[in-house]
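Analysis of the macromolecular model
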Amino acid sequence: MSPIKTNNVSSELISQAARFIADADAILITAGAGIGVDSGMPDFRGDNGFWNAYPIFKQQGVANGGWFRREPEKAWGFYGQRLKLYRETKPHQGFSILKKWCEQKADYFIFTTNVDGHFQKAGFEHKHIYEAHGSIHHLQCSEACSQEIWQVGERKFIVDDSMCLMNEMPLCLNSNHIARPNILMFDDDYWLDNRSHRQWNNYKHWKQQLTSKNVVTIEIGAGKTVATARRESQKMQGVTIRIDPNEHDAESNTLVLAGRALDVLTKIDNITITAE
């Protein structure tokens with residue numbers, strides 16, 4: 001199939017996507033920050049993204065791995081605010097549509113660069129999820145003094161108007177070092193990847209059994225700037241359905257549906273596929 005793309009998703013393309021999904025034996029979902037926009041969450045580089053909302057943090061490089069050692073109050077101000085947002089936000093109905101499709105196949109996996117835990121919150125099984133960049137709901141030592149990773153639990157982070165943490169800083173369980181989210185950041189030599197590596201092994205074993213199966217990859221909101229999820233889509237056999245309002249590049253065997261996640265997923269789900 002040659003690349004197909006459009007800025008106005010036609011009913012023909014929606015029907016084609018529905019057919020690919022209906023005919024698939026297994027589904028891989030590759031998801032970036034764009035999937036959460038319809039839940040009311042910002043992405044990073046969009047018009048209403050984190051970096052436009054908090055330009056000072058972009059300028060100061062708060063997503064850099066060393067920030068928790070240099071200015072932990074600011075680092076936890078930013079990540080504490082994000083954690084609060086992720087906790088309070090409900091995954092949109094598109095997650096339920098994806099979950100229904102995946103359960104119909106009983107053979108699926110989620111490859112996501114998102115750290116928000118929304119696939120778990122939407123009811124997907126943990127054993128079917130690979131969080132490539134870690135999880136904001138887990139903590140580690142900022143100095144990586146041990147390999148221990150623990151859940152943040154119900155701990156609250158109170159942030160002032162200047163986006164600095166006001167309440168007590170979380171500490172490592174094994175030292176007096178500041179704790180930090182178990183998230184892969186830029187220039188990050190201290191990220192502990194053992195939790196994500198276990199997920200990666202589950203994902204690797206899942207891919208190994210796909211040899212004779214018809215797999216469809218549904219890529220949602222995965223841009224090119226941090227292209228981890230998009231590169232994974234490009235590695236897969238079979239058809240990729242790319243859903244994104246802005247990133248419309250297409251390789252061979254890629255069907256591009258230019259739109260936001262909830263709208264496009266709902267349109268596909270409304271198509272009734274009959275046996276041929």
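Structural notes, computed from the coordinates. Keep in mind the model is a prediction, meaning the values are calculated, not measured. (Residues numbered from 1 in each chain as written. Predicted model: local features only at pLDDT ≥ 70, side-chain atom pairs only at ≥ 80, totals over all residues. Heavy atoms only, no water.)

Attention now moves to unusual backbone geometry. Across the chain, the bulk of peptide bonds are trans and the bulk of non-glycine residues have phi less than zero. Positive phi is not limited to glycine here, since Ala-106 has a value of about 60 degrees. Among the structural elements, Ala-106 can be located in the loop between helix H6 (93-105) and strand S2 (108-112). The backbone phi angle of Ala-144 is positive, close to 50 degrees, even though this residue is not glycine. Within the fold, Ala-144 resides in the loop between strand S4 (134-141) and strand S5 (150-151). (Helix = DSSP H or I, 4+ residues; strand = E, 2+ residues; numbered from the N terminus.)

By the definition in use, this model includes 15 aromatic pairs. On the basis of an interplanar angle of 80 degrees and a centroid distance of 5.5 Å, the ring pair of Phe-68 and Trp-76 is categorised as edge-to-face. For the pair Tyr-130 and Tyr-203, a centre-to-centre distance of 6.1 Å together with 10 degrees between the ring planes defines the contact as stacked. Of this pair, Tyr-130 sits in strand S3 (residues 129-131) while Tyr-203 sits in helix H8 (residues 194-208), and the two are 73 residues apart along the sequence. Residue classification places Tyr-130 among the buried positions, given a relative accessible area of 11%. Judged by relative accessible area, which is 0%, Tyr-203 ranks as buried. By way of ring pairs, the aromatic residues Phe-109, Phe-111, Tyr-130, Trp-200, Tyr-203 and Trp-206 are connected into one cluster. (Phe/Tyr/Trp six-rings, centres within 6.5 Å; stacked < 30°, edge-to-face > 60°. Buried < 20%, exposed > 50% of the residue type's maximum accessible area, 1.4 Å probe, protein only.)

Taken as a whole, this structure holds 1 cavity of 30 Å³ or more when the rule is applied. Of the volumes computed, that of the largest cavity is approximately 30 Å³. Lining the largest cavity are Thr-112, Asn-114, Asp-116, Gly-117, His-118, Phe-119, Gln-120, Ile-129 and Glu-131. Those elements giving two or more residues to the lining of the largest cavity turn out to be helix H7 (118-121) and S3. At 3 residues, H7 tops the list of elements feeding residues into the lining of the largest cavity. For the lining of the largest cavity, the per-class residue count stands at 2 nonpolar, 5 polar and 2 charged. (1 Å grid on protein atoms, 1.4 Å probe; cavity = no way out; pocket = protein on both sides within 12 Å on 5 of 7 lines; lining within 4 Å. Points joined across faces, edges and corners; volume = space filled by probe spheres on them. Nonpolar A, V, L, I, M, F, W, Y, C, P; charged D, E, K, R; others polar.)

Right, let's talk about the pairing of strand S1 (residues 26-31) for a bit. Burial analysis of S1 places 6 of its 6 residues in the buried class, which makes it a mostly covered element. Taking every second residue as pointing to the same face, both faces of S1 are buried, with Ala-26, Leu-28 and Thr-30 on one and Ile-27, Ile-29 and Ala-31 on the other. Looking at chain direction, S1 and strand S7 (residues 215-220) are connected through 6 bridges and run parallel. Residue pairing in the sheet places Ala-26 in a bridge with Val-215 of S7. (Pairing = 2+ DSSP bridges.)

Attention now goes to helix H5 (residues 72-88). Given a rise of 1.5 Å per residue, 17 residues ought to cover 24 Å, and the 23 Å separating the end C-alpha atoms of H5 matches this to within 8%. All buried positions along H5 are accounted for by Pro-72, Ala-75, Trp-76, Gly-77, Phe-78, Tyr-79, Gly-80, Arg-82, Leu-83 and Tyr-86. (Expected span 1.5 Å × (residues − 1).)

Enumeration over the complete set of coordinates arrives at 15 salt bridges. A salt bridge links Arg-195 to Glu-131, with the nearest nitrogen and oxygen atoms 2.9 Å apart. On the criterion of sequence distance, the pair formed by Arg-195 in helix H8 and Glu-131 in strand S3 is long-range, its members being 64 residues apart. Judged by relative accessible area, which is 12%, Arg-195 ranks as buried. Residue classification places Glu-131 among the buried positions, given a relative accessible area of 1%. Across the pair Arg-230 and Glu-219 runs a salt bridge whose closest N-O atoms are separated by 3.4 Å. Note that Arg-230 is positioned in helix H9 (residues 228-235) and Glu-219 in strand S7, a separation of 11 residues in sequence. Because the salt bridges share partners, they merge into one network encompassing Lys-207, Glu-232 and Lys-235. (Salt bridge = Lys/Arg side-chain N within 4 Å of Asp/Glu carboxyl O.)

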